[in-house]
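Spelled out from the first residue to the last, the chains are:
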Amino acid sequence: MSEARDFKQVGRRMIRPDGFDKVTGRANYAADLALPGMIWGKILRSPHAHAKIVSIDTSAAEAMDGVFAVCTSEDLPAITDPDLAGSYETACNLLAHKKVLYHGHAVAAIAAKTEAIAEEALLKINVEYEVLTPVMDVNDAMEAGAPLLHKDMYTSGLPEKPSDPSNVANRMELKKGDVEQGFAEADEIVEREYYSPTVHQGYIEPHACTVRWDEDGQSLIWCSTQGHFGVRGITAGVLGTPLSRIKVVAAEIGGGFGGKTVVYLEPVALVLSRKAGRPVKMVMTREEVFRASGPGSAARNWVKIGAKKDGTITAMQARLRFEAGAFKGSPMGPGCMTVFTPYDVENALVQGYDVVVNKAKVAAYRAPGAPQAEYACEAALNELAAKLDLDPIEFRQKNAAKEGTVALYGPKFGAIGMEECLRVAKESDHWNSPLGENQGRGLACGFWFNIGGTSTVIINMNTDGTANLIEGSPDIGGSRASMALMAAEVLGIEAERIKPIIGDTEAVGFSATTGGSRTTFATGMATIEAARDVVVQVKERCASIWNVTPDQVEYEDGVATNTAGDDKMTLAEVCAQQDRLGGAIAGRGAVNARGAGPSFALHICDVEVDNETGKVDVKRYTAIQDAGKAVHPSYVEGQFQGGSAQGIGWALNEEYVYNKDGVMENPGFLDYRVPLASDLPMIETHIVEVPNPFHPFGVRGIGETNIVPPLGAVSTAVSNAIGVWMDELPLSPPRVLKAVMDNS
């Protein structure tokens, strides 16, 4: 159990260990590696959103000078080997097999001496298509008689297998109490459907890799990823290769936000390398990233919420329909788990649908499923509070989840920070400040459950008392600094004396992908375990010198003390003698962490609307969130601000625009507009610390909850500014102007 305590290292704002390399340009990203004899790989992509592949003729491309290898789906063992059927869909997304399912779907790949030759060779590949009608929205995909993406897809999650195939891959239901009775007891009810569009994670670095397939079957992958062990596993599954023969090095990552938990290039590049007998580099263009990598899911989410005049919520109901893209696997499940979780209600019913459409298969995007689902809940709650003439914070305080609340998806909460976030918000200067003309204020809460999982850490002590810490989790949000601070706390030394390193798949034990806000929690627990292992070894070495038992040695603040005498030795002094005291001191931590503390947040947003153009300007924004314990407060504040900025973009500007043929029309940052620094005010942050009882230092993951509230907060602020309840994102100038004109 973790309780509030004083820390000497945890909670410091140390300089980030990777900072110097990044600001000087020395950091090596995925596209930076060049190997001797390296050639370039390029991918041919479908010009159609939905079509059968009648034939592929690569002979003209193969005959070109400078072309070393050509690859189609028939070269992927998972396509042709029934024993690898578990990786079949992954392989079909890497290279289309018999059918293309979205515009930009990879069809074939070329490896050539130069990029220019590879691009020219792509034009020589002749593909004959039979064009089919695309389905681009859940409404169309779920209609009877809709074109089917997969003839063998039958809806799972139903009492019985249906007789006919469908575009609905899965159905899920969560229920407690009696919602019909709850709505009958309500004095006011709000019922509305909310739309959130397909959006991109907005990472700056495109997907890239450099690979080498050696003559003995060993292979190297250098890539941009949130989980290099995941890359190894996926690649091994697609190619039928033993894990021990694949070494994956995680390069520095130029942003991911969930979008780099997926593999698009690496298995294809390895096949090309094997065929060509040379290393192969592949780098997506920005257009390819938008068209062919996984975006965040679009969703149409209907909610119905009832409450009594005193503000007691009597029932909450939702029907959540998430787009999965071309293959099943939308974040419908997390959406169902999170939609109503900030609130303690007796009667709730959530039904979710995972629906395939002719778009690129979706990927995770920071708390996947939660922003779309909780946007609907929070916007409806604000409308309901207005109907009841209740303060929206007091309305939430009356119904807030608290310690002992049983969440709709199962667990009983321990100590959580929802009530504390509400208190901080109500007392904040922002909430109590006046608004100007044409301005509106909105607030919304957010929840993410967080996960734990497997992590491995090794701490090697040097003879001068410094340490090298090797973790298996790619650093996408400050884990190097966090691990150094937590290890230093246990070892009783300055964090700057610890060098954190991201080990490759051969240098450290298996670690799950950096995602789900798991790393500071789970890899942090492994780090603490490894540091405690070092302390145990130090006590054993001292005990052998002093001729006492290890139990008679105390260790605190980097000093071992003989409780049976006056002897003392610092960590550095013990390390200096480690060779003659039994060899190197190396601590190891390997955990499968459980008890990831859920995180709650509340955001307040002020906007100003230009009623003549519909343009929305964010004037003030505050993010309040429970971090359990902020290991590095600057990083925590940065996460709050980064997630808020992404959520504001989602609410105001961002969306994939498709034409009638399913072709994305804005595949670049010029037309797909993410917020710039000049678009936003300084985002104010408040770190709430309600320790997670299942982490030694009270840590909760904080990287995802912060993107959940902005959609509801911004939408409500705009609604209050113009006097119209908005239910479709993004709140772009044309959409807002139309609402203003219709209302006037």
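Let me begin by describing the structure that accompanies this report. The shown structure was predicted, so the numbers you read here are calculated from the model rather than taken from an experiment.

### Details of the overall build of the chain
Part 1 of the argument: For the chain, the count of helices and strands is 20 helices and 26 strands.
Part 2 of the argument: Since a compact globule built from 744 residues should have a radius of gyration of about 27 Å, the 27 Å found for the chain is in line with a globular shape.
Part 3 of the argument: Taking the intrachain contacts of the chain between residues at least 6 apart in sequence as the baseline, contacts between residues at least 24 apart amount to 79%.
Part 4 of the argument: Counting every atom, the chain has about 28100 Å² of accessible surface; 48% of that belongs to carbon and sulfur.
Part 5 of the argument: Charge separation in the chain, taken as the distance between the mean sites of 69 positive and 95 negative side-chain charges, equals 2 Å.

### So, the packing of helix α18 (residues 633–652) against helix α19 (residues 709–722)
Part 1 of the argument: Relative to each other, α18 and α19 sit at 50°, their axes nearing to 8 Å. In terms of orientation, α18 lies oblique with respect to α19. As α18 runs across α19, the sense of the crossing is right-handed. Within the contact between the two elements, α18 uses Gly-643, Ser-644, Gly-647, Ile-648, Trp-650, Ala-651 and Leu-652 and α19 uses Pro-710, Leu-711 and Val-714.
Part 2 of the argument: The residue inventory of the contact of α18 with α19, partitioned by class, reads seven nonpolar, three polar and no charged.

### Some words on the nonpolar core
If you look at soluble globular proteins, the nonpolar side chains tend to sit buried side by side.
Part 1 of the argument: Counting residues in each nonpolar core, the largest one holds 99 residues, and the members touching the most others are Met-316, Leu-602, Val-607, Val-714, Val-718 and Ile-722.
Part 2 of the argument: Per element, the largest residue contribution to this core is eleven residues, and it comes from helix α12 (residues 370–388).
Part 3 of the argument: Residues in contact with Val-714, not counting those within four places in the same chain, are Cys-605, Tyr-621, Ile-648, Ala-651, Leu-652 and Leu-731.
Part 4 of the argument: Listed in part, the 59 residues of the second largest apolar core include Ala-69, Leu-94, Ala-169 and Val-263.

### Focus on α19
Part 1 of the argument: Compared with an ideal rise of 1.5 Å per residue, which puts 14 residues at 20 Å, α19 spans 20 Å between its outermost C-alpha atoms and is within 8% of the ideal.
Part 2 of the argument: Counting buried positions over the 14 residues of α19 gives 13, a clear majority of the element.
Part 3 of the argument: Of the residues flanking the end of α19, it is Gly-723, one or two places downstream, whose phi is positive at about 75°.

### Focus: the pattern of salt bridges
Part 1 of the argument: In this structure the tally under the stated criterion is 40 salt bridges.
Part 2 of the argument: A salt bridge links Asp-137 to Arg-300; its shortest N-O distance comes to 3.0 Å. With Asp-137 in the loop between β6 (126–131) and α6 (138–141) and Arg-300 in strand β13 (residues 299–307), this pair connects stretches of sequence that are 163 residues apart.
Part 3 of the argument: Here Asp-137 falls in the buried class, since its relative accessible area comes to 12%.
Part 4 of the argument: Put simply, Arg-16, Asp-18, Lys-22, Glu-252, Asp-475 and Arg-480 are held in one network by salt bridges that share partners.

### A word on the sheet that holds strand β22 (residues 568–570)
Part 1 of the argument: Taken together, the three strands give an open sheet; going across it, the order is β20-β21-β22, and neighbouring strands pair in antiparallel fashion. Looking along the sheet, the strands with just one partner apiece sit at the ends: β20 (553–556) and β22. Strand-to-strand twist in this sheet, taken as the mean axis angle between neighbours without regard to direction, amounts to 20°.
Part 2 of the argument: As judged from the four bridges shared by β20 and strand β21 (residues 559–562), these two strands associate in the antiparallel manner. Paired with Glu-554 across the strands is Thr-561, a residue of β21.

### A short note on the sheet that holds strand β12 (residues 280–283)
Part 1 of the argument: Pairing within the open sheet is mixed, and its seven strands lie in the order β3-β5-β1-β12-β9-β10-β11. The strands lining the two open edges of the sheet, one partner per strand, are β3 (67–71) and β11 (246–250). Recorded for the sheet is a direction-independent mean angle of 20° between the axes of neighbouring strands.
Part 2 of the argument: Where helix α5 (residues 115–122) meets the sheet, it contacts β1 (39–45), β3 and β5 (106–112), and its direction lies at approximately 25° from that of β1.
Part 3 of the argument: Relative to β11, helix α8 (residues 228–239) is tilted by about 145°, and along the sheet it contacts β9 (208–213), β10 (219–223) and β11.

Rules of the game
- One numbering rule holds for all chains: residues counted from 1, following each sequence as written.
- With the structure being a predicted model, the display of local features is reserved for residues of pLDDT at least 70 and the display and counting of side-chain atom pairs for 80 or more, all residues being used for whole-chain, interface and lining totals.
- Each side-chain value is worked out from all heavy atoms of the structure, with water and hydrogens disregarded.
- Under the scheme used here, helices are H or I runs from DSSP no shorter than 4 residues and strands are E runs no shorter than 2 residues, and both carry numbers assigned from the N terminus.
- Note that the radius of gyration is over C-alpha atoms, with the globule rule given as 2.2 Å times the number of residues to the power 0.38.
- We call two residues in contact when some of their heavy atoms are within 4.5 Å.
- The Shrake-Rupley method, run with a 1.4 Å probe sphere, supplies the accessible areas, and residue values consider only the shown protein chains as cover.
- Charge convention: Lys and Arg are scored as positive, Asp and Glu as negative, and His as well as the terminal groups of each chain are ignored.
- Charged side chains are reduced to one point each, which is NZ for Lys, CZ for Arg, CG for Asp and CD for Glu.
- Here an angle of 0 to 180 degrees is reported between the N-to-C directions of two axes, which are lines fitted to C-alpha atoms, with helices fitted over the stretch in contact.
- Any angle from 65 to 115 degrees is called roughly perpendicular, while one under 35 is roughly parallel, one over 145 is roughly antiparallel, and all others are oblique.
- Crossing handedness is defined as follows: a turn of the near helix away from the far one that is anticlockwise and smaller than a right angle gives a left-handed crossing, while the clockwise case is right-handed.
- Only Asp, Glu, Lys and Arg are considered charged, only Ala, Val, Leu, Ile, Met, Phe, Trp, Tyr, Cys and Pro nonpolar, and every remaining residue, Gly among them, polar.
- Put simply, a nonpolar core is a bunch of buried Ala, Val, Leu, Ile, Met, Phe, Trp, Tyr and Cys residues held in one set by side-chain atoms that sit within 4.5 Å of each other.
- Relative accessibility under 20% of the residue-type maximum defines a buried residue, over 50% an exposed one, and the middle range a partly exposed one, all with a 1.4 Å probe and only protein chains included.
- Working rule for helices: expected span equals 1.5 Å times residues minus one.
- In the sections that follow, a salt bridge refers to a side-chain nitrogen of Lys or Arg positioned within 4 Å of a carboxyl oxygen of Asp or Glu.
- At least two DSSP bridges between two strands are required for those strands to pair.

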